[in-house]
Amino acid sequence: MQINLDHTINSGQVFLWEKFDSVWYGINGGDVLAVDADNPKLVSSFVKSDYDLFRDNDEFNHVIKSISKDKTIKDATRKFSGLRLMRQDPFQCYISFIASSNSNLQNIKSSLKNITKKFGDKVKFNNKEFYTFPEPKKLAKATKQELLSCGLGYRVPFVMKASNLVSTSHIDFDYLKKADYLTAKESLLQVFGIGDKVADCILLFSLEKLEAFPLDRWIIRSLQQYYPGRFSFEGKTITKNKYQTLHQEIVQYFGPYAGYCQQFLFKLIRESNQKKWL
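Starting afresh in each chain, residues are numbered from 1 along the sequence in its written order. Only residues with pLDDT of at least 70 are given local features in this predicted model, and only at 80 or more are side-chain atom pairs given and counted; all residues enter the totals for whole chains, interfaces and linings. As a rule here, side-chain values come from all non-hydrogen atoms in the structure, and water together with hydrogens is ignored.

Undergrad: Account for helix α13 (residues 240–254), naming residues and giving values.
TA: Secondary structure counts use DSSP, requiring at least four H or I residues in a row for a helix and at least two E residues in a row for a strand, with both numbered from the N terminus. One less than the number of residues in a helix, times 1.5 Å, gives the span that helix is expected to have. With 15 residues, α13 extends 21 Å between its outermost C-alpha atoms, agreeing within 8% with the 21 Å of an ideal straight helix rising 1.5 Å per residue. Exposed residues in this analysis have more than 50% of their type's maximum accessible area, buried residues have under 20%, and partly exposed residues fall in between, with area computed by a 1.4 Å probe over protein chains only. If you check which residues of α13 are buried, you get Y243, L246, H247, I250, Y253 and F254. Taken around the axis of α13, the buried residues stretch over an arc of 130°, which confines them to a single face. Away from the buried face of α13 by more than 90 degrees, exposed residues N241, Q248 and Q252 are located. Contacts were defined at the residue level, with two residues in contact if any of their heavy atoms lie within 4.5 Å. Turning to α13, the residues buried within the fold contact α2 (60–67), α3 (71–79), α10 (181–189), α11 (196–206), α12 (217–226) and α14 (258–272). Remark: G255 follows α13 within two positions and exhibits a positive phi of approximately 95°. Throughout, the arc means the angular range of directions from the helix axis out to the C-beta atoms.

Undergrad: Any chance you could break down the pairing of strand β3 (residues 31–36) for me, citing the residues and the numbers?
TA: Burial of β3 is extensive: 5 of the 6 residues sit out of reach of the surface. Two elements, strand β2 (residues 23–28) and β3, share 6 bridges in a ladder whose sense is antiparallel. Following the sheet pairing, W24 is matched in β3 by V35. Following DSSP output, two strands are said to pair if at least two bridges run between them. Joining the antiparallel neighbours β2 and β3 is a turn of 2 residues, in which G29 adopts a positive phi near 65°. Relative to strand β4 (residues 39–45), β3 runs antiparallel, the two sharing 4 bridges. Considered in β4, the bridge of L33 is made with S45. From the end of β3 to the start of β4, which pair antiparallel, there are 2 residues.

Undergrad: Describe unusual backbone geometry, naming the residues involved and giving the relevant values.
TA: With a phi close to 65°, K48 is a non-glycine residue in the positive phi region. Note on placement: K48 falls in the loop between β4 and α2. Overall, K48 belongs to the exposed group, its relative accessible area being 71%. The phi dihedral of E59 falls on the positive side, at around 55°, and the residue is not glycine. Of note, E59 is situated in the loop between β4 and α2.

Structure follows, in structure tokens:
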């Protein structure tokens, strides 16, 4: 099935991508990727690496068939046909979603771009200048003032401690990729500044956990709007126990590729409210 690059990039998964004519350029850890919207199967890499960026091994047709449980998802997969999950650099994804808490897309993008300019390496790719995402050890050495200047606000101590845990191998992404969902999530939840939603974003977008289903206010709104009465929403707030219960109900209903449903529902509710993307 054809990849729709615009739908994919503009679906809340990534922040450090920008479009020049028909080509999207994205920072992916220490690399810069170029993907032509007219031919997204060809991914060019600054460091000449090969990527399964769009998770072709997931057998997308099978995924769509598996998640199409009802009219809402069937309509969303048709409306946003070609929307894929992207396989991201784990450290960049980890820091990006820690920086995303209680923020909006434009502010997240701005603070992350500031991080790359201050701590990343400047490279020239296809006659354009980019800054790569810093390595964990470099970001772990950043001062509070340096990070404040990036626009991170109260998230500065989160980023400092999270970077240090990776640089000292207390958080090991290779191990988390191999671990089961609950084990990996519990490890991430020990990190200062990571709650259920941020953990699920990191797990889904970079650690191979396709049953992760990040529950932010947009997704909760979409579930209440499109699935009234199906899932548990007693009370005004989503406590940790309610989050876990809701996640279990969602995976039981949508199946092992529930994370793909989350992306289609997120795209659907944001578009219906005419929210801006990258």
